[in-house]
Every structure is written in C-alpha cells, then in structure tokens.
Amino acid sequence: MYNAPLLAFLLFTFDGVVISQRVVETQKGPLIRVEGSHVTISCKVTGYEGNVKQNFHWSFYLPTMPNVELQIVSTGDPHFTYAVYRHRVKTKDIYIERTSRDSVFLHISKLQLRDQGEYECYTPSTESTYYGIYSDKTNLTVVPDILQARMPAQQISKTIGDSLRLSCDVTKQNYHHTHLSVSWMLETQKGTFEIISLSKDFILQSSDAFRHRLEAGGLHLDRIGPSTFNLTILYLQLSDQGKIYCQMTEWIQDLDKSWYPLSTKHTESTEVFVIGKQQKSGIILHASSLCSGSEPATVLQKVCFLVILLLLI
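Keep in mind the model is a prediction, meaning the values are calculated, not measured.

Trainee: I'm lost on the sheet that holds strand β7 (residues 65-74) in this one. Help?
Mentor: Through backbone hydrogen bonds, the strands of a sheet pair up, either in parallel or in antiparallel fashion. Read across the open sheet, the five strands follow the order β4-β12-β10-β6-β7; overall the sheet is mixed. For this open sheet the edge positions go to β4 (31-34) and β7, each flanked by a neighbour on one side alone. Averaged over all neighbouring strand pairs, the angle between strand axes comes to 30°, with direction disregarded. As paired elements, strand β6 (residues 57-62) and strand β10 (residues 117-122) share five bridges and run antiparallel to each other. Paired with Y61 across the two strands is E118, which belongs to β10. On the sheet, helix α1 (residues 83-90) packs against β6 and β7 and is oriented at approximately 35° with respect to β7.

What follows is the structure, given as structure tokens:
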C-alpha cells in the first residue's frame, strides 16, 4: 500500500495524456541550530514538466507574525529581496547554492537569534497547467551557543614510563536532547593527532598513531559524573611530548534521524615535556653541583634542593 506523503509525484491519465503533479519539499523540521553557526536548509522540486531549470524563492515568517511574508532571496528575481534582508544578501551572509536544476540549499552564514521562525521555499510554475504543490515550509529554532570546554593552561614535565592524567569539564545544552563527542588531541611539530576519542555513539577510538596503545590498554578516557572527562596515558613515550587539549562537539538529531554538529569547542593546552631517565639523572647531578655550598644554606640553595626533590618524585 502506497504512503501518499512520501510519493515524489502523482500521475493522472486523462484520455491517454499523462499529467505530472509538481511537489516541493524542504528539509523537515523543526531544525535546532545554535546562534553564530552556518546553517543550510534544503529544497527540491519533483514532478514538473520537461527539463526546464527551476527557480526558487525563499521567504520567512516570524513566530509573532505568522501570516506576514518577508521575502529573503531568489534564484530568478534580483528584486525579490525585502529591504530588511538586502544587506545580508548583498554581503553573502544569506545566499542560495544550486545543487542541480531542481534542488538548492539556502545558506545562512552566521545565524542570529532573530532568524528563528518558519522558512518557505516556493517554485514558480514552468508548466502549461497549474497543478500540484508549489511551496513547502520548515521551522528553524535558534538557541544560544552555551557549549564550553575547560582545562587550565599549564606545563607538565614527565619522565619516560610515567603516567599522565588530565581532566576536561564541559557545559552544554540542557533544553534539548543532545549527545557529546570528546576528543583528546596532541599537537606536535609533526602535526596534530587524535590520542583518544569518545564518539556521539559512545564508541572509543584513536588515530593510527595511538591505536595500538588503546588496544593494549595504555590509554583511557573516563567520564566522571555528567560533565568531566579524564584522559589517562600510561607509560609515556618521547613522542607524547607536545601540547594536549580537549575538543568537544555537541550533536543533535534532526527529524530525518541524521545527526548534526551544533557546536565545537576546545580547551586551553597543557604543554607536556617528556625526558629520558638518563637525561633526568644528568639534570639532577647538574642541579646538585649548582646547589652545593657552605653552611648555613642560603635561600637559593634551599630552592635548588626543593627543585631536585621534585625531579626525583
């Protein structure tokens, strides 16, 4: 049995003549997006006659004035845009991307809270007979971008074989059901590598450079409570030296079951220095020679001995 709303078009026969029904479809909403992000809304038309390139008009309706049309932008009419949108269209903050002769994306490069409302996609007729559905609407909800990832900037010195633990705290949306993906990244002179990550589907993974250590149990990513994610690296190597930071992405599921990245943030970096054991011994011996002196010990000497003690830990 056919499901009528899912049909791309309907065919009717009158005296052997097949007449197609035009159907316009926008991306199904409501779409939830964050302020300041780049947003796309799709629109396509099917069931039209011939191979004629289709034009698209995009309009907007405020929640407070649902019956007042505000014309945004058009592929075929340069005078379509209302004054309220003229500057944003001229500067390409809002524009249409044509993906085929019968499908487009509406782009809003930097979403504003006032962009929340209903969007209508309309296609002018190219048929000899006016028949079908010529427009479709979708709702867009705009929410503040409150995602934050926090870890203080710091420097840490370690010896080969030591363990390292770092913590990252996150603040995210509370009014909508979202998922988080968490990645711990290492930035070195050779490039940036994913140490370990937890996907939005709760799957642990690593880049090729770290995969064997994850499989061997040398890497851990642990969630502590609702908002803290700990990284543990066992048996540090010289190659672990560099800047480590935590990156968070917040995801929301659209009506079509696809996942959309609402926002991505990263923390400050922890600079990690990894030294060999022989190198550490040399540093201690050198510091000892600098700290030696006659009694009583000076304040500087006491500081020196404290540094040596910390190196020994």
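Trainee: Just checking my understanding: could you explain the packing of aromatic side chains for this structure?
Mentor: The description of an aromatic ring pair uses the distance of the two centres, along with the angle that the planes make with each other. All told, the structure shown has two aromatic pairs when counted by the stated rule. Seen in terms of ring centroids, F60 and Y85 are 6.5 Å apart; in terms of plane orientation they differ by 85°. Their pairing is edge-to-face. Pair noted here: F60 is in strand β6 and Y85 is in helix α1, with a separation of 25 residues, a long-range link. For the pair shown, F60 and Y85 are each scored as buried. Centroid distance F60 to Y119: 4.8 Å. Interplanar angle 50°. Geometry classified as tilted. Pair noted here: F60 is in strand β6 and Y119 is in strand β10, with a separation of 59 residues, a long-range link. Here F60 and Y119 have matching classes, each one buried. Lying over the aromatic face of Y260, R33 brings its terminal NZ or CZ to 3.5 Å of the ring centre. Directly above the ring of Y61 sits K137, whose terminal nitrogen or CZ lies 4.3 Å from the centroid.

Trainee: Explain the sheet that holds strand β15 (residues 164-171) to me, please; I cannot follow it from the model alone.
Mentor: Ordered in space as β13-β15-β20-β19, the four strands form an open sheet in which the pairing is antiparallel. Bordering the open sheet on either side are β13 (148-150) and β19 (219-224), each of which pairs with just one other strand. Direction aside, neighbouring strands of the sheet carry axes that sit 20° apart on average. By the bridge criterion, six bridges tie β19 to strand β20 (residues 228-233) in an arrangement that is antiparallel. From the neighbouring strand, D222 faces β20, where its bridge partner is N230.

Trainee: I tried to follow the pairing of β20 on my own but got confused; where do I start?
Mentor: Two faces, one strand: in a regular strand the side chains alternate between the faces of the sheet. The buried count for β20 comes to six of six residues, which makes it a mostly enclosed element. Residues T228, N230 and T232 point to one face of β20 and F229, L231 and I233 to the other, with burial holding for every one of them. Alignment of β15 against β20, held across six bridges, turns out to be antiparallel. Pairing of C168 across the sheet is with F229, part of β20. Hairpin geometry of β19 and β20 is characterised by an intervening segment of three residues between the two adjacent antiparallel strands and by a positive phi of about 70° at G225.

Trainee: Would you explain the nonpolar core in this entry?
Mentor: A general tendency of soluble globular proteins is for nonpolar side chains to be buried together. Counting 28 residues, the largest nonpolar core has W184, I195 and I244 as its most contacted members. Those elements that place two or more of their residues in this core are β15, β16 (179-188), β17 (191-198), α2 (208-215), β19, β20, β21 (242-253) and β23 (270-275). Counting 25 residues, the second-largest nonpolar core is a separate cluster that includes I41, L70, Y85 and I96.

Trainee: What exactly am I supposed to notice about the pattern of salt bridges here?
Mentor: Note on pairing: side chains with opposite charge can pair once their charged atoms come close. Enumeration over the complete set of coordinates arrives at nine salt bridges. For K137, the salt bridge identified is with E118, shortest N-O distance 3.7 Å. Here K137 is found in strand β12 (residues 135-143), whereas its partner E118 is found in strand β10, with 19 residues between them in sequence. Overall, K137 belongs to the partly exposed group, its relative accessible area being 35%. Taken together, the shared-partner salt bridges in this structure form one network comprising R88, D93 and D115.

Trainee: Where do I start with α2 in this structure?
Mentor: It helps to recall that an α-helix has 3.6 residues per turn; residues three or four apart then point in one direction. Along α2, the residues that are buried comprise F210, R213 and L214. End-on, the buried residues of α2 take up no more than an arc of 105°, which puts them together on one face. Exposed residues lying more than 90 degrees from the buried face of α2 are D208 and E215. On its buried face, α2 is in contact with β16, β17, β18 (204-205), β19 and β20. At the C-terminal side of α2, G217 shows a positive phi close to 85°.

Trainee: Please explain the state of the cysteines as it appears in this structure.
Mentor: Each disulfide is one covalent bond, formed between the sulfur atoms of two cysteines. Throughout the structure, instances matching the rule amount to one disulfide. Here C43 connects covalently by a disulfide to C121, the sulfurs 2.0 Å from one another. Taking the sign of the torsion about the S-S bond as the criterion, the disulfide between C43 and C121, at about -85°, is left-handed. One end of the pair, C43, is in strand β5 (residues 39-46); the other, C121, is in strand β10, and 78 residues separate them in sequence. By relative accessible area, C121 is classed as buried at 0%.

What counts, and at which threshold
Residues numbered from 1 in each chain as written. Predicted model: local features only at pLDDT ≥ 70, side-chain atom pairs only at ≥ 80, totals over all residues. Heavy atoms only, no water. Pairing = 2+ DSSP bridges. Helix = DSSP H or I, 4+ residues; strand = E, 2+ residues; numbered from the N terminus. Axes fitted to C-alpha atoms, helices over the stretch in contact; angles between N-to-C directions. Contact = heavy atoms within 4.5 Å. Phe/Tyr/Trp six-rings, centres within 6.5 Å; stacked < 30°, edge-to-face > 60°. Buried < 20%, exposed > 50% of the residue type's maximum accessible area, 1.4 Å probe, protein only. Lys NZ or Arg CZ within 6 Å of the ring centre and 35° of its normal. Core = buried A, V, L, I, M, F, W, Y, C linked by side-chain atoms within 4.5 Å. Salt bridge = Lys/Arg side-chain N within 4 Å of Asp/Glu carboxyl O. Arc of directions from axis to C-beta. Disulfide = S-S within 2.5 Å.

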